[in-house]
Amino acid sequence: MHLLSPVTKQSFPFTYRLANKTVYEEVKNKTVHRFQLEDVFSTLKNRYSFNVTAIPCRPGFKFENTKCSCDKTNEGVLRCSDDSRTVYLKEGHWGGEVNGRLVTYFCPPNYCHCVRKGDLPGCIFNPDHIDDQCDHNRTGVLCGQCQRGLSVGLRWEECIECNGGSWIIAIVIIGVVMVCVVIIILNPSMSSELRGPLFFFQVLPFIFKPNNVVGRNSAFCRRRA
């Protein structure tokens, strides 16, 4: 590659584009290309060599007409930046990357938050930091998990630190036992749909007391037989 005009700066921009999609498919796997630069107008013999690594289009863009263009066929994509670097999602959508492609879906309520840039519409999708779109210390696909060391709190959308939550388990166990005792003692009348659970609670005393009347009667019947 030769410079056809005098160089007056230490750096200069240049554009490297692929001819067609076939070439793009061949070089998108981080293929390295070597360039040699020579200034033909310089009195000195200025010749430089450098390597350029071909990388695929960023998630949310597709190769079209020798360049990466915004893929607006994706339902969650609102717009793209002019430099083909940033994708803006519709508010309420979650974005992820699968095999280099952008996938979007509706985010559960209160799981995601919109990262904006000024007053421009759309939520910024950052494929290098996908969890930036998650709210309340969440992470993962659709922000459906809590970050490491955290757990879901009483407010189901929030992830908080687990500090001495054993008292909750104790209260739940006591509550379940009290409900069982009330059902066994009062024996309330229930509809046909609840007869199964009622029968279960009614036989609980026989489980906790193996030497009961039923057991003795059964043994007595076997001896007489």
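Rules used in this analysis
- Residues numbered from 1 in each chain as written.
- Predicted model: local features only at pLDDT ≥ 70, side-chain atom pairs only at ≥ 80, totals over all residues.
- Heavy atoms only, no water.
- Helix = DSSP H or I, 4+ residues; strand = E, 2+ residues; numbered from the N terminus.
- Contact = heavy atoms within 4.5 Å.
- UniProt positions renumbered as here; feature names shortened; annotations may be inferred.
- Buried < 20%, exposed > 50% of the residue type's maximum accessible area, 1.4 Å probe, protein only.
- Pairing = 2+ DSSP bridges.
- Axes fitted to C-alpha atoms, helices over the stretch in contact; angles between N-to-C directions.

K.L.:
Residue-level account of the environment of Gln145, with values.
P.N.:
Take Gln145: it is sitting in strand β12 (residues 145-146). Along the primary structure Gln145 and Tyr111 are separated by 34 residues, whereas in three dimensions their C-alpha atoms are 9.7 Å apart. With residues up to four places along the chain from it excluded, the contact list for Gln145 reads Arg138, Thr139 and Cys159.

K.L.:
I'd like a rundown of the UniProt feature "transmembrane region" (unreviewed entry) in the protein chain, residues and numbers included.
P.N.:
Mapped onto the present numbering, the UniProt feature "transmembrane region" (unreviewed entry) falls on residues 167-186. Segment residues 167-186 splits into 100% helix and 0% strand. End C-alpha atoms: 28 Å apart.

K.L.:
Residue-level account of the environment of Gly96, with values.
P.N.:
In this structure, Gly96 sits in strand β8 (residues 93-98). The exposure class assigned to Gly96 is buried, which follows from its relative accessible area of 1%. Taking the C-alpha atoms as reference points, Gly96 and Phe125, separated by 29 residues in sequence, lie 8.6 Å from one another. Here Gly96 is in contact with Arg101, Leu102, Val103, Phe125 and Ile130, once residues within four sequence places are set aside.

K.L.:
Outline the sheet that holds strand β10 (residues 123-125), supporting the account with residue identities and numerical values.
P.N.:
A sheet is described by the order of its strands in space; here 3 strands give the open sequence β6-β7-β10, paired in antiparallel fashion. Each having just a single partner strand, β6 (77-80) and β10 make up the two edges of the open sheet. Along the sheet, successive strands turn relative to each other by an average axial angle of 40°, direction set aside. Bridge analysis of strand β7 (residues 87-89) against β10 gives 3 bridges, and the strand direction is antiparallel. From the neighbouring strand, Leu89 faces β10, where its bridge partner is Cys123.

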